[in-house]
Amino acid sequence: MTVKTKRPKYIVTGFFFSMATMTVLVCFLLFFLYPKINEIWEEKKDVAKKIDSIELIKKKWLTFEEFNTLKNTFKANLYLASLLKKTDASFYNSNFVNNKDWEDYNSFFSKKVLEVNKAQSNEQYIEIQDSYKSILPTYVEENIENEEWVMTDLKFITYIESILYTFNLEMANKNLTVWNLNTLTEYSNDKDSALDTTIFYIPYTFDVTGKKKDILDFIYFLENVWSININEDGEIEVYEDNFINKSLNGFWDTNILKNQIIDIERIKISDYIDSWLEPNLNEKLISFVKRTQWWEKMSISLNVRFYVKGVPNYKIMEGVNNLSTRYNQILSDLSKKKSDKDLTSASKSKIEKALAYLKELDVTINEIKKEKVDLNKAYKKVLEINKLLDVLEKTTN
């Protein structure tokens with residue numbers, strides 16, 4: 001006889017409870033822990049990737065693509081921002097990326113800085129830079145900041161006087177004036193680039209009288225000033241003078257050809273330069289005249305061009321921005337002064353007049369800010385308004 005045993009209820013209940021617990025645990029693993037583990041795994045891979053990237057930067061530096069992405073977020077002045085904009089992949093990879101496996105980037109960069117500093121302190125480099133500035137000086141009507149290598153109307157007239165004095169020449173017209181400034185169209189600047197500069201020429205006519213030797217030396221000077229040769233190393237060399245053998249009066253360089261660049265447009269001589277009937281056919285005409293007729297007087301007329309460069313675009317843009325900032329600051333200061341309770345009626349009247357004048361200037365300043373065609377014209381207006389603001393500040397103070 002078989003006896004059937006009945007399972008206790010608590011066993012069944014325990015089984016279902018275990019199954020439910022197992023199900024919850026599996027669900028927990030699937031829907032909560034697994035995504036977290038996967039997320040941690042992805043973060044781990046991302047961290048490893050970033051570490052590799054940092055190590056690569058420490059070794060080689062940023063790629064050109066990374067540099068391009070970051071440079072747009074970097075706040076810089078107009079000059080530096082324009083340099084960054086001009087930097088291409090070839091230049092960047094040649095100068096800023098370390099391709100040496102045995103050297104880290106800090107060492108590579110330190111060496112680059114030393115190289116640049118050494119090059120910039122080199123006497124020949126400094127001499128070349130100074131030569132460029134003296135050959136093609138920056139022209140402004142007034143050198144307010146007293147910058148070196150800047151040509152003003154006064155300096156231009158002084159330069160002409162120095163030439164006349166050096167070559168013992170007498171001008172038919174005693175008045176020395178700057179007539180006009182003309183843009184050299186083939187070298188006019190690109191308005192889209194803050195680094196570009198316009199090149200101008202100042203036309204001038206020399207109607208002079210002097211000894212034949214001095215006249216010939218004078219013509220030689222005009223024809224050969226800033227004549228250059230490029231050597232095998234690509235360096236620019238200005239021709240040495242072995243004809244005039246003198247320096248320009250009042251100027252530092254002993255080589256007279258290292259002066260502001262000039263072109264001859266036209267020469268008019270009333271009489272033939274050689275007055276002798278029997279010239280020496282075995283000798284060059286110039287040498288013959290200088291040897292045999294050097295003391296004789298002659299007159300000559302020459303149309304020439306003196307070349308200068310304008311203020312760089314970035315300086316003009318900075319000038320416009322600084323003017324706007326200065327204008328707003330003065331306007332704010334005067335508005336605060338006007339509300340001062342201790343202000344006398346006379347002072348208040350003066351400030352009110354100044355504020356009214358500032359409002360009139362506001363229209364001109366907005367026009368300057370909108371100027372896109374002639375930046376040099378805009379810069380001229382900036383200088384003029386800054387003078388007016390100087391007077392206004394002195395008056396109100």
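The structure under discussion appears in the preceding block.
Here's what I pulled together on the structure shown here. All values reported here derive from a predicted model rather than from experimental measurement.

1. Topic: the overall build of the chain
- For the chain, the helix and strand inventory stands at twelve helices and nine strands.
- Sequence separation of 24 or more characterises 69% of the internal contacts of the chain that already satisfy a separation of 6 or more.

2. So, the pattern of salt bridges
- According to the stated counting rule, one finds seven salt bridges in the structure shown.
- Here Lys212 and Glu296 are joined by a salt bridge, their closest N and O atoms 2.8 Å apart. Of this pair, Lys212 sits in helix α8 (residues 212-224) while Glu296 is found in the loop between α9 (285-292) and β9 (297-309), placing the two residues 84 residues apart along the sequence.
- It is possible to trace a salt-bridge network through shared partners that takes in Lys213, Asp217 and Lys290.

3. Notes on the environment of Ser332
- Topologically, Ser332 is positioned in helix α10 (residues 313-338).
- The class for Ser332 is partly exposed, based on a relative accessible area of 29%.
- A sequence separation of 23 residues divides Ser332 from Leu355, and the C-alpha atoms of the two residues are 9.7 Å apart.

4. Details of a nonpolar patch on the surface
- A grouping of Phe74, Tyr79, Leu80 and Leu83 is seen on the molecular surface, where their side chains present a nonpolar patch of about 350 Å² in accessible area.
- Examined against the element boundaries, Leu83 turns out to sit in helix α3 (residues 78-86).

5. As for unusual backbone geometry
- At Asn168, a position not held by glycine, the phi torsion is positive, near 55 degrees.
- Considering the arrangement of structural elements, one finds Asn168 in the loop between α7 (153-166) and β3 (170-171).
- Its identity is not glycine, yet Asn245 carries a phi of approximately 60 degrees, on the positive side.
- Locating Asn245 in the fold gives a position in the loop between β7 (236-238) and β8 (262-269).
- Taking relative accessible area as the criterion, Asn245 reaches 59% and is therefore assigned exposed.

6. Side note on the nonpolar core
- Core analysis: the biggest nonpolar cluster contains 39 residues, and Ile163, Phe206, Val208, Phe218, Phe221, Ile262 and Phe306 have the highest contact counts within it.
- Counting residues per element, the ones that place at least two in this core are α7, β5 (199-211), α8 and β9.
- With seven residues, α8 is the largest single contributor of residues to this core.
- Contact partners of Phe206, with chain neighbours within four places excluded, come to Ile160, Leu164, Met171, Phe218, Ile300, Ser301, Leu302, Val304 and Phe306.

7. Comments concerning helix α11 (residues 345-370)
- The terminal C-alpha atoms of α11 lie 38 Å apart, and with 26 residues this matches the ideal 38 Å at 1.5 Å per residue to within 8%.
- If you look at α11, its biggest bend is around 25 degrees, right at Leu361.
- Taken together, the buried positions of α11 are Ile351, Ala354, Leu355, Leu358, Leu361, Ile365 and Ile368.
- Taken together, the buried residues of α11 touch α10 and α12 (375-396).

8. Observations regarding the environment of Ile228
- On the secondary structure map, Ile228 appears in strand β6 (residues 228-230).
- Look at Ile228 and you get partly exposed, because its relative accessible area is 37%.
- The spatial distance from the C-alpha of Ile228 to the C-alpha of Glu240 is 9.4 Å, given a sequence separation of twelve residues.

9. Looking at the packing of aromatic side chains
- Summed over the entire model, instances satisfying the criterion amount to 21 aromatic pairs.
- Look at Phe67 and Tyr92: their rings are 4.6 Å apart centre to centre, the planes differ by 25 degrees, and that puts the pair in the stacked class. With Phe67 in helix α2 (residues 64-71) and Tyr92 in helix α4 (residues 89-95), this residue pair connects regions lying 25 residues apart in the sequence. Just as Phe67 is buried, Tyr92 falls in that class too.
- Centroid distance Phe206 to Phe218: 5.3 Å. Interplanar angle 80 degrees. Geometry classified as edge-to-face.

10. Thoughts on helix α5 (residues 105-121)
- For α5, spanning 17 residues, the distance from its first C-alpha to its last is 24 Å, which sits close to the expected 24 Å at 1.5 Å a residue.
- For α5, the N-terminal cap is Asp104; the gap from its side-chain oxygen to the backbone nitrogen of Asn106 is 3.3 Å.

11. Things to note about the side chain of Lys290
- Tracing the sequence through the fold places Lys290 in helix α9.
- With near-sequence residues (within four places) excluded, Lys290 lies in contact with Lys213, Leu216, Asp217 and Phe243.

12. Let's talk about the side chain of Ser227
- With respect to the element layout, Ser227 can be found in the loop between α8 and β6.
- Given a relative accessible area of 14%, Ser227 falls into the buried group.
- At 2.8 Å, the side chain of Ser227 and the backbone oxygen of Asn224 are in polar contact.
- Ignoring anything within four residues of it in the chain, the contact list for Ser227 reads Glu237, Val238 and Tyr239.

13. Concerning the pairing of β5
- Pairing between β3 and β5: two bridges, direction antiparallel. Directly across from Glu170, in β5, lies its bridge partner Thr209.
- Strand direction decides the pairing type here: strand β4 (residues 182-183) and β5, joined by two bridges, are antiparallel. Within β5, the residue paired with Asn182 across the bridge is Tyr201.

Calculation criteria
Residues numbered from 1 in each chain as written. Predicted model: local features only at pLDDT ≥ 70, side-chain atom pairs only at ≥ 80, totals over all residues. Heavy atoms only, no water. Helix = DSSP H or I, 4+ residues; strand = E, 2+ residues; numbered from the N terminus. Contact = heavy atoms within 4.5 Å. Salt bridge = Lys/Arg side-chain N within 4 Å of Asp/Glu carboxyl O. Buried < 20%, exposed > 50% of the residue type's maximum accessible area, 1.4 Å probe, protein only. Patch = residues over 30% accessible without salt bridge, like charges linked within 9 Å, V, L, I, M, F, W, Y side chains within 5 Å. Areas by Shrake-Rupley, 256 points an atom, 1.4 Å probe, with all protein chains shown as cover. Core = buried A, V, L, I, M, F, W, Y, C linked by side-chain atoms within 4.5 Å. Expected span 1.5 Å × (residues − 1). Bend = angle between axes of the 7 residues up to and from the residue. Phe/Tyr/Trp six-rings, centres within 6.5 Å; stacked < 30°, edge-to-face > 60°. Polar contact = N/O pair within 3.5 Å; in protein donor to acceptor, adjacent residues only side chain to side chain. Pairing = 2+ DSSP bridges.

Spatial relationships are all this shows, so hold off on functional conclusions.
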